[in-house]
Amino acid sequence: MDQASDVRTLALGETSGTVPLARDFTRTALHEWGWLPAATADRRAAAEDVLLVVSELVTNACLHAEGPERLRVLRLPKILRLEVTDRGAGTPAPRTPHRSGRPGGHGMFIVQRLCLDWGIERTPGAPGKTVWAELSSPA
């Protein structure tokens, strides 16, 4: 596999429709990598999980972190890594205790449940952060 073909980057900024744009961008990458159209229900569910996690990460950046600057989608041998870079200083965390009946606050809980791992990377001396999440590649 060509390393460059396994990374897709989308610049985000002061545009409307950021979440649908990020979903469409990710869906296109999944088509190019053969995840979609899905041959089985499990593969379809895996692709839908990726799109849901992208939506949650970008939405969180819009609501809590002064907006997203960049989305990167990386295909690695056994995982798919999503990275959303924003300008915010805050630290995302699942709301605890999680109350499914209350509106809002479900984004990072969903990310935590669907992903193998997730975290935050900061560059010392630079504003903002990158929130990343990793999901299993479909079998």
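Small disclaimer: the values here were computed from a predicted structure and weren't measured. (Residues numbered from 1 in each chain as written. Predicted model: local features only at pLDDT ≥ 70, side-chain atom pairs only at ≥ 80, totals over all residues. Heavy atoms only, no water.)

### Digging into the overall build of the protein chain
Argument step 1. Each helix and strand in the protein chain was counted, giving 3 helices and 5 strands.
Argument step 2. Going residue by residue from the N terminus, the α and β elements of the protein chain occur as β-α-α-β-β-α-β-β.
Argument step 3. When contacts within the protein chain are restricted to residue pairs at least 6 apart in sequence, those whose partners lie at least 24 apart make up 59%.
Argument step 4. Accessible area for the protein chain stands at about 7,600 Å²; split by element, carbon and sulfur atoms hold 54% of it. (Helix = DSSP H or I, 4+ residues; strand = E, 2+ residues; numbered from the N terminus. Contact = heavy atoms within 4.5 Å. Areas by Shrake-Rupley, 256 points an atom, 1.4 Å probe, with all protein chains shown as cover.)

### Describing unusual backbone geometry
Argument step 1. Note that the residue after Leu36, namely Pro37, is joined by a cis bond; omega there is -5°.
Argument step 2. By the element assignment, Pro37 lies in the loop between helix H1 (18-32) and helix H2 (41-64).
Argument step 3. Even without being glycine, Glu66 reaches a positive phi, approximately 60°.
Argument step 4. Mapped onto the fold, Glu66 is located in the loop between H2 and strand S2 (68-75).
Argument step 5. With a relative accessible area of 58%, Glu66 lands in the exposed category. (Buried < 20%, exposed > 50% of the residue type's maximum accessible area, 1.4 Å probe, protein only.)

### A short note on the packing of H2 against helix H3 (residues 107-114)
Argument step 1. One can describe the packing of H2 onto H3 by two numbers: an axis separation of 9 Å at closest approach and a directional angle of 145°. In the crossing of H2 with H3, the sense of the turn from one axis to the other is left-handed. On the side of H2, the interface is formed by Asp49, Leu52, Val53, Glu56, Leu57 and Asn60, while H3 contributes Gly107, Met108, Ile110, Val111 and Leu114.
Argument step 2. Of the residues that constitute the contact of H2 with H3, the class distribution is 7 nonpolar, 2 polar and 2 charged. (Axes fitted to C-alpha atoms, helices over the stretch in contact; angles between N-to-C directions. Left-handed = near helix turned anticlockwise from the far one by under 90°. Nonpolar A, V, L, I, M, F, W, Y, C, P; charged D, E, K, R; others polar.)

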